[in-house]
Amino acid sequence: MTSICVLGLGYIGLPTAALLASHGHRVYGVDVRPDIVETVSAGRVHITEADLDGLVQKVVNSGLLTAHHTPCPADAFIITTPTPLTEDRRPQLDFVFAAADSIAPLLKRGDIVIVESTCPVGTTRNVAKRLADARPDLAFAGGGAAISDVSVAYCPERVLPGRILIELIDNDRCVGGLTPVCTERAAQLYESFVRGTVLRTDAATAELVKLTENAFRDVNIAFANELSMVADHHGVDVWKVIKLANRHPRVNILSPGPGVGGHCIAVDPWFIVDAAPEQAKLIRVAREVNDRKADYVFERLAATIETSADKTITCFGLAFKPNVDDLRESPAMEIVERLGRAFPGKVAAVEPFIHVQPPALKEAGVPLITLEEGLNRSGAFVLLVDHTAFLRVPSERLGGRKIFDTRGGWGRV
């Protein structure tokens, strides 16, 4: 059994900590938010994720997972803190570096430090340098030492919200250390609970692999979103175009939407652009297309509703993707907020995965209502997220409304 300290108990940190504990490791979960520490300590969860609540309750009750405000001594440290963008779209690494600084006094010879947070290329090496500066009594890779006292590596997650526990176990993992020994030691830790293949590489390659995966998705979604605007220009149904085009044996166009959300795809490509602006021109344009799509949807909605006699608007969905409660970078949230301000007192939102009105909606004057309440309203219906509950709505319940469908589930205006 290895003792592991997981720093950050969010969408990745908490499932990772729970899985490690369920495989026999002694896990100390750490978060700066007192409410999260209190919730996890009681065996409960603060995020919606399939089967996570039961797993957390089990490992907390067994004593293998405990939650803390500050790091605890351990054999391995895994950093899963957020890496948001600044206002000028540059990576903000303060949380990662703060986590590294917090564990520096606890390190001893033989420990492993693994960064899981999505980071620009070179971050893992910078983490090792900070640790080396804080602990001159220990040798770290990258500082000229022939042998490292503490192994430092990078291992990004590649999971789908709603399937996190499944994919943390079954998906292949890419582990990159600052030396081959660092790589091997970190890989062995992941092989204690991962059924997929644990792929060995170096830290810089692993960092770029993570960014590449999300940039690839972003570029392909941008093509679909741009195509949807081209189709609108010609008065053509984009979903019919995509369905027929995808009958080509080498064409696989994704589905358009109101934009791109989530902490990964909507954020990570900017890390590539920031570090290599002259080389990453296509990646930048794709990001701009997807950011612009939310503006396009809002402007089209507003222009049509402005001329309607009944300006009542019901928006279906706030999350960034179907069947989750995650609002991070959600284009649906942005559109609903803007509609609320443009049409005061006329807009309501339906989101079955959220039961408390988000502060942003309260500020915009948009109440959160049930699905049944939403279907009983008059005026325009706007499908922003293709939650399963929405797609199951009988077509007769939609009759007589102006339908704005950004997901292709209800039929478009």
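Remember, it's a predicted structure, so these values are computed and weren't measured experimentally.

Caption draft 1: Representation of helix H4 (residues 94–103) within the structure. Of the residues making up H4, those classed as buried are Val96, Phe97, Ala99, Ala100 and Ile103. Viewed end-on, H4 has its buried residues packed into an arc of 155 degrees, placing them on one side of the element. Tucked inside the fold, the buried residues of H4 contact strand E1 (3–7), strand E4 (76–79), strand E5 (112–115) and helix H5 (123–134).

Caption draft 2: View of the sheet that holds E5. Ordered in space as E3-E2-E1-E4-E5-E6-E7-E8, the 8 strands form an open sheet in which the pairing is mixed. Sheet topology places strand E3 (65–68) and strand E8 (198–202) at the edges, where each strand pairs with a single neighbour. Within the sheet, the average angular offset between the axes of one strand and its neighbour, ignoring direction, is 25 degrees. Judged from the 4 bridges that link them, E4 and E5 form a sheet pairing that is parallel. Each bridged residue has a counterpart across the sheet, and for Ile78 the counterpart in E5 is Ile114. Here helix H8 (residues 203–234) sits on the sheet in contact with strand E6 (151–154), strand E7 (173–177) and E8, set at roughly 120 degrees to E8.

Caption draft 3: Expanded view of the nonpolar core. Val40, Leu65, Ile78, Ile114 and Tyr190 are the most contacted members of the largest nonpolar core, which has 42 residues in total. When residues of this core are assigned to their parent elements, the largest contribution, 6 residues, is made by helix H1 (residues 13–22). In terms of nonpolar packing, the next biggest core, distinct from the first, is built from 33 residues, Phe77, Ala99, Val113 and Val150 among them.

Caption draft 4: The pairing of E4, seen in detail. Side chains Ala76 and Ile78 project from E4 onto one buried face, and the interleaved Phe77 and Ile79 project onto a second face that is buried too. Summarising the sheet, E1 and E4 pair through 4 bridges and their orientation is parallel. Of the residues in E4, the one forming a bridge with Cys5 is Phe77. Handedness of the crossover is the feature at issue here: the chain leaves E4, passes through H4, returns alongside E5, and the resulting connection is right-handed.

Caption draft 5: Spatial organisation of the side chain of Ser151. Within the secondary structure, Ser151 sits in strand E6. Within the structure, Ser151 has its side chain in polar contact with the side chain of Arg185 (distance 3.4 Å). Residues contacting Ser151, with those up to four places away along its chain left out, are Asp111, Ile112, Val113, Cys182 and Arg185.

Caption draft 6: Summary view of the side chain of Arg287. Structurally, the position occupied by Arg287 is in helix H11 (residues 281–306). Residue Arg287 is classed as buried on the basis of its relative accessible area, which comes to 0%. Not counting chain neighbours up to four residues away, the residues in contact with Arg287 comprise Asp218, Val260, Ile265, Ala266, Pro269 and Trp270.

Caption draft 7: Summary view of the pattern of salt bridges. Under the defined criterion, the tally for this structure stands at 27 salt bridges. The residue Asp133 makes a salt bridge to Lys129 at a minimum N-O spacing of 3.2 Å. Placement of both Asp133 and Lys129 in helix H5 is noted, with a separation of 4 residues, approximately one turn of the helix. Look at Lys129 and you get exposed, because its relative accessible area is 52%. One salt bridge connects Glu372 with Arg397, and the closest N-O pair in it is separated by 3.1 Å. In this pair, Glu372 sits in helix H14 (residues 371–375) while Arg397 sits in the loop between helix H15 (388–391) and strand E13 (402–405), placing the two residues 25 residues apart along the sequence. Residue classification places Arg397 among the partly exposed residues on the basis of a relative accessible area of 25%.

Caption draft 8: Structural detail: the packing of H11 against helix H12 (residues 331–342). Packing of H11 against H12 leaves a shortest axis separation of 10 Å and a crossing angle of 35 degrees. The handedness of the crossing between H11 and H12 is right-handed. Residues Ala294, Asp295, Val297, Phe298 and Leu301 of H11 form the contact with H12, whose participating residues are Pro331, Glu334, Ile335, Arg338, Leu339 and Ala342. Of the residues in the contact of H11 with H12, the class split is 8 nonpolar, no polar and 3 charged.

Caption draft 9: How the structure looks around the sheet that holds strand E10 (residues 347–350). Strand order in the open sheet made by the 5 strands is E11-E10-E9-E12-E13, with parallel pairing throughout. This sheet does not close on itself; its edge strands, each paired only once, are strand E11 (368–369) and E13. Inspection of the sheet shows strand E9 (residues 313–316) paired to E10 by 4 bridges, in the parallel sense. Residue pairing in the sheet places Cys315 in a bridge with Ala349 of E10.

Caption draft 10: View of unusual backbone geometry. Phi at Asn323 takes a positive value of approximately 65 degrees, unusual for a residue other than glycine. In this fold, Asn323 is placed in the loop between E9 and H12. By relative accessible area, Asn323 is classed as partly exposed at 33%. Residues other than glycine seldom take positive phi values, yet Glu329 does so here, at roughly 55 degrees. Within the element layout of this structure, Glu329 appears in the loop between E9 and H12. Among the residues examined, Glu329 registers a relative accessible area of 48% and is labelled partly exposed.

Caption draft 11: The state of the cysteines, seen in detail. Under the counting rule described, the total for this entry stands at 0 disulfides. Its sulfur unpaired, Cys72 is 5.6 Å from the next cysteine sulfur, which belongs to Cys5. Summary of cysteine pairing: Cys182 is not part of a disulfide, and the nearest cysteine sulfur, belonging to Cys155, is at 14 Å.

Caption draft 12: Broad picture of the environment of Ala50. Within the element layout of this structure, Ala50 appears in the loop between helix H2 (34–41) and helix H3 (52–62). Separated by 111 residues in sequence, Ala50 and Pro161 have C-alpha atoms that sit 8.8 Å apart. If we ignore the near neighbours within four places in the chain, the residues touching Ala50 are Gly162 and Leu165.

The rules we used
Residues numbered from 1 in each chain as written. Predicted model: local features only at pLDDT ≥ 70, side-chain atom pairs only at ≥ 80, totals over all residues. Heavy atoms only, no water. Buried < 20%, exposed > 50% of the residue type's maximum accessible area, 1.4 Å probe, protein only. Helix = DSSP H or I, 4+ residues; strand = E, 2+ residues; numbered from the N terminus. Arc of directions from axis to C-beta. Contact = heavy atoms within 4.5 Å. Pairing = 2+ DSSP bridges. Axes fitted to C-alpha atoms, helices over the stretch in contact; angles between N-to-C directions. Core = buried A, V, L, I, M, F, W, Y, C linked by side-chain atoms within 4.5 Å. Right-handed = clockwise from strand over helix to strand, strands pointing away. Polar contact = N/O pair within 3.5 Å; in protein donor to acceptor, adjacent residues only side chain to side chain. Salt bridge = Lys/Arg side-chain N within 4 Å of Asp/Glu carboxyl O. Left-handed = near helix turned anticlockwise from the far one by under 90°. Nonpolar A, V, L, I, M, F, W, Y, C, P; charged D, E, K, R; others polar. Disulfide = S-S within 2.5 Å.

Limitation: the analysis is restricted to geometry and does not speak to function.
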